[in-house]
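The chain contents come next:
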Amino acid sequence: MASRVYVEAEIRDHPRTERLLQRMRAPAVIEIEHYGEVFNPRSQNFRLQKKNPAVIIARKNNNHVLAAPPGYGLGGKYNYYFSHMLNCIYDCRYCFLQGMYQSAHQLLFVNYEDFAERIAELAAQHADEAVWFYSGYDCDSLANEPMTRFCEYFLPRIAAIDNAWLELRTKSTQVRALLEHPVQQRIVTAFSFSDRVSHASLEHGVPSIAKRLDAMRRLQQAGWPVGLRFDPIVYHPRYREEFVALLNQVFDSVDADAIHSVSLGSFRLTRGHFRDASRLYPDEPLFAQQMVLENGIVSYPKEREREMIDFCEQELLQRIRPQSYHPCDWHG
Amino acid sequence: MLIWVSALHCEAKPVIDYYRLKKSADNNPFDLYLSEGMACVISGIGKVSAAAACAWSAAQFQRRASLAWINLGTAGAGDHEIGSLFSIHQVIDADDGQRYYPAPAAADRLDGSACMTLSRPSEDYRDECLFDMEASGYMYSSLRFSSAELIRSLKIVSDNRHHKTGKDRRRVSELVQHQIDGIAQEAKSLIALNDELAALSPDAQCWQRLTELAHFSQTQKSRLRVLWRYLMNRGFDAEKLLSDLAGSPASTIISELEQTGYRDSEEL
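What counts and how
Starting from 1, residues in each chain are numbered consecutively following that chain's sequence as written. Labels are handed out in written order, letters beginning with A for the chains and numbers beginning with 1 for the ligands. Where local features are concerned, this predicted model is filtered to residues with pLDDT of at least 70; where side-chain atom pairs are given and counted, the filter is 80 or more; whole-chain, interface and lining totals use all residues. The side-chain quantities take in all heavy atoms of the structure and omit both hydrogens and water. Throughout this description, buried means an accessible area under 20% of the type-specific maximum (1.4 Å probe, protein chains only), exposed means over 50%, and partly exposed covers the range between. Where helices and strands are cited, they refer to DSSP runs of H or I of at least four residues and of E of at least two residues respectively, numbered from the N terminus. Throughout, the arc means that of the directions going from the helix axis to the C-beta atoms. Whether two residues are in contact is decided by their heavy atoms, any of which lying within 4.5 Å being enough. Polar contact is the term for a pair of N or O atoms within 3.5 Å; when the atoms are in protein, one must be able to donate a hydrogen and the other to accept it, and sequence-neighboring residues count only if both atoms are side-chain atoms. Within this scheme, the nonpolar core is defined by two criteria: the residues are buried Ala, Val, Leu, Ile, Met, Phe, Trp, Tyr or Cys, and they are joined through side-chain atoms within 4.5 Å. Salt bridge, as applied in this entry: a Lys or Arg side-chain nitrogen positioned within 4 Å of an Asp or Glu carboxyl oxygen. Take the accessible area each of two parts loses on contact, using a 1.4 Å probe, and add the two losses: that sum is the buried area. When residues are grouped by polarity, Ala, Val, Leu, Ile, Met, Phe, Trp, Tyr, Cys and Pro land in nonpolar, Asp, Glu, Lys and Arg in charged, and all others, Gly among them, in polar. A pair of strands is treated as paired once DSSP finds two or more bridges between them. Where helices are involved, their axes are fitted lines through C-alpha atoms of the stretch in contact, as for all axes, and angles between N-to-C directions lie from 0 to 180°. Should an angle fall under 35 degrees it is called roughly parallel, over 145 degrees roughly antiparallel, and 65 to 115 degrees roughly perpendicular, with every other angle called oblique. Whether a crossing is left-handed or right-handed is set by the direction in which the near helix is turned from the far one by less than a right angle, anticlockwise for left-handed and clockwise for right-handed.

**Here's the deal with helix α8 (residues 238-245) of chain B**
Residues and elements named next belong to chain B. Within α8 the residues assigned to the buried category are A238, L241, L242 and L245. The buried residues of α8 occupy an angular sector of 100 degrees when the element is viewed end-on, so they sit on one face. In the core, the buried residues of α8 are packed alongside α6 (204-211), α7 (218-233) and α9 (250-265). Near the N-terminus of α8, the side chain that reaches the backbone nitrogen of E239, with its oxygen 3.0 Å away, is that of D237. Just beyond α8, the residue with positive phi is G247, at close to 90 degrees.

Structure representation (structure tokens):
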């Protein structure tokens, strides 16, 4: 639990702020004017701050919902993302969030209504087509659910818009809120998995694979659509055996035929994020592996990447419906 | 390196005694007390003095891999008890409204408070924060040289609505001395954090010897720095690497270190 909470004065009396403060029982609540005072200054060290991140409660004033980057999505024509939080409680070395913001503090926005309004507007603009909204881009969608009650607010609102689809992307086991709601086929909870070696070395603070699979199984059994995200695949000499072992473990727990979608991609970061993350963690083997720079993206050399993706794809396609497979084609 | 910044000698004296810091005999613009890995600078009163002392100290110790800072001083308060110790979580400059936020990398052990820095002494005590004359200058300057996690401001209440200690130097030292255990605890955790960061930087002498092995362009030097930092952090023997690489051209040295790094990193 955070030992410090910063709150924007403007939303100090907002009901969600009050509920958050009550739940966190933080010893120090510090009033600020704008979250940028704490979140944006350059003189911050993400690595050190990640040891004891504070929580910042704020209002997001613009850009509530943004167009998803090219290649992000599940093949739909209209893809948007939104972030009710910035930063994640987990500490995965391969994640672009390692180099994204100056601060490791968790920034929670309380004006859900503004996000929902924009979602409704965008869905109405493409009324005859499916519109996808991704919530797990700058944060883990569910990890802070007991605190944020994101699901409680957004699930019924998405459900009420006929052409809106929502992806919740998570590494958490927080599915209770979903299980308490009526099943909605346009809301997909996508669980990200890495093999045991990558999980142990790179996914700090992330619940075990078994616990996450249990959460996924419970959702699936309740009738909720669930997805699998094997992204990023990280190279190590035993990646083949470990990936097969992971797939076996996954499909021992969940019904492969009922999986909504599966995506697969190898490790890559933008040049800037890779540089920032490797400066923060000069001792991290992941950033010392052989990589190449192509079109502003740092990734494995083509041959290695092809070999990894081909192998994993082949193994995956033996177990899932081909139409549920969506490769992460970031080469464009 | 941990640098203490205090406006007055009487505020710093308990720390100087506790850590047995020795006064520098050099002709410095600020009084400076030193030991291995620690310094204490007496800035004089006011935020400009505090900022100047920080900048001067940072220049003095620029070769250190990482600098941590503690501003230790007295403050006025509305009703807080005389002698109370606070870790400042928000510093507000009364002149320009600028706010600064120290960012502890561990849960707070001390009570927290905001502190407003004034340009002139005032007896207009308010309940919501402490008052001092240095913290905003200290924050402004120290944040140029270190990240917010390595910067603390500790204030001991010397004056309130009912009692004033301010000008009684002996009494000020007693108030600080009374809190020395709490202050030393803060210093200890900050030193550990700073050491952790400093350990990520390779030894300066080895780095210099490496760059003297061949002629490296600036681009090559950047790559070399990344590779060397990684290998040193992974516990490779610097002496052995330097001896193995001696006599090779720059491109070969980089290629050799890259291959060593690739082999080491594959296992994650």
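Past the structure itself, the notes keep going.
**Side note on unusual backbone geometry**
Generally, phi is negative for residues other than glycine and the peptide bonds are trans, each holding for most cases. Residues and elements named next belong to chain A. Residues D231 and P232 are joined by a peptide bond in cis, for which omega reads 10 degrees. If you trace the backbone, P232 turns up in strand β13 (residues 226-233). A positive phi is found at R149, a non-glycine position, where the angle reads about 50 degrees. The residue R149 is located in the loop between α5 (145-148) and α6 (150-159) in this model. A positive phi angle is found at N295, which is not glycine, with a value near 50 degrees.

**Re the nonpolar core**
Formed by 104 residues in total, the largest nonpolar core has its most connected members in A:F133, A:F230 and A:F267. Excluding residues that lie within four positions of it along the chain, A:F230 makes contacts with A:F193, A:F243, A:L246, A:L247, A:V262, A:S263, A:L264, A:G265 and A:L316. Residues B:A58, B:L130, B:Y138 and B:L143 belong to the second largest nonpolar core, which totals 61 residues.

**So, the side chain of A:N45**
All names here are of chain A. Among the structural elements, N45 can be located in the loop between α2 (36-39) and α3 (46-49). Look at N45 and you get buried, because its relative accessible area is 14%. A polar side-chain atom of N45 sits 2.9 Å from the main-chain amide nitrogen of L48.

**Some details on the pattern of salt bridges**
All names here are of chain B. One pass over the structure, following the stated rule, counts 43 salt bridges over all chains. For the salt bridge of K240 with D244, the shortest nitrogen-to-oxygen distance reads 2.9 Å. One end of the pair is K240 and the other is D244, both in helix α8 and four residues apart, which spans about a single turn. The partly exposed category is assigned to D244, whose relative accessible area is 47%.

**Concerning the interface of chain B and chain A**
Tallying the contact residues gives 31 residues for chain B and 37 residues for chain A. Together chain B and chain A conceal approximately 2900 Å² of surface at their shared face, both sides included; 56% is due to carbon and sulfur atoms. Broken down residue by residue, the surface that chain B buries against chain A is led by B:Y101, B:E266 and B:L268, which jointly contribute 24%. For the pair chain B and chain A, the number of links is six salt bridges. For B:E267, the salt bridge goes to A:R238, with nearest N and O atoms at 3.1 Å. Those elements giving two or more residues to the side of chain B that touches chain A turn out to be β6 (85-93), α5 (180-198), α7 and α9 of chain B. Here the side of chain B that touches chain A is composed, by residue class, of 16 nonpolar, seven polar and eight charged.

**Topic: the environment of A:P182**
With respect to the secondary-structure elements, A:P182 resides in the loop between α7 (176-179) and β11 (187-192). Along the chain, A:P182 and A:T148 lie 34 residues apart, while their C-alpha atoms are 19 Å from each other.

**What to know about the sheet that holds strand β16 (residues 292-294) of chain A**
All names here are of chain A. Spatially, three strands are ordered β15-β17-β16 in an open sheet, and the strand pairing comes out antiparallel. With one partner strand each, in any of the chains shown, β15 (268-270) and β16 form the two edges of the open sheet. Between one strand axis and the next, the sheet turns through 30 degrees on average, direction left out of account. Docked against the sheet, helix α11 (residues 271-280) engages β15, β16 and β17 (297-299), running at close to 100 degrees with respect to β15.

**With respect to the sheet that holds strand β4 (residues 65-67) of chain A**
Residue and element names in this part refer to chain A. Within the open sheet, the eight strands sit side by side as β4-β5-β9-β10-β11-β13-β14-β18. Their pairing is mixed. Bordering the open sheet on either side are β4 and β18 (325-327), each of which pairs with just one other strand. Ignoring strand direction, the axes of neighbouring strands in this sheet form an average angle of 25 degrees. Sheet topology places strand β10 (residues 164-170) next to β11; five bridges connect them, and they run parallel. Within β11, the residue paired with L166 across the bridge is I187. Packed on one face of the sheet, α6 meets β5 (78-82), β10 and β11 and runs near 155 degrees to β10.

**What to know about the environment of A:E294**
Residue and element names in this part refer to chain A. Relative to the assigned elements, E294 resides in strand β16. By relative accessible area, which is 21% here, E294 ends up partly exposed. When the C-alpha atoms of E294 and M308 are compared, they prove to be 18 Å apart, with 14 residues separating the residues in sequence. Filtering out sequence-adjacent residues up to four positions away, E294 remains in contact with K302 and H331.

**Looking at the packing of helix α10 (residues 239-253) of chain A against helix α12 (residues 302-317) of chain A**
Residue and element names in this part refer to chain A. Between α10 and α12, the shortest axis-to-axis distance is 10 Å and the interhelical angle comes to 25 degrees. When the axis of α10 is compared with that of α12, the two are roughly parallel. As for how α10 packs across α12, the hand of that crossing is right-handed. Residue-level inspection shows Y239, R240, F243, V244 and L247 of α10 in contact with α12, the latter providing E307, M308, F311, C312, E315 and L316.

Limitation: the analysis is restricted to geometry and does not speak to function.
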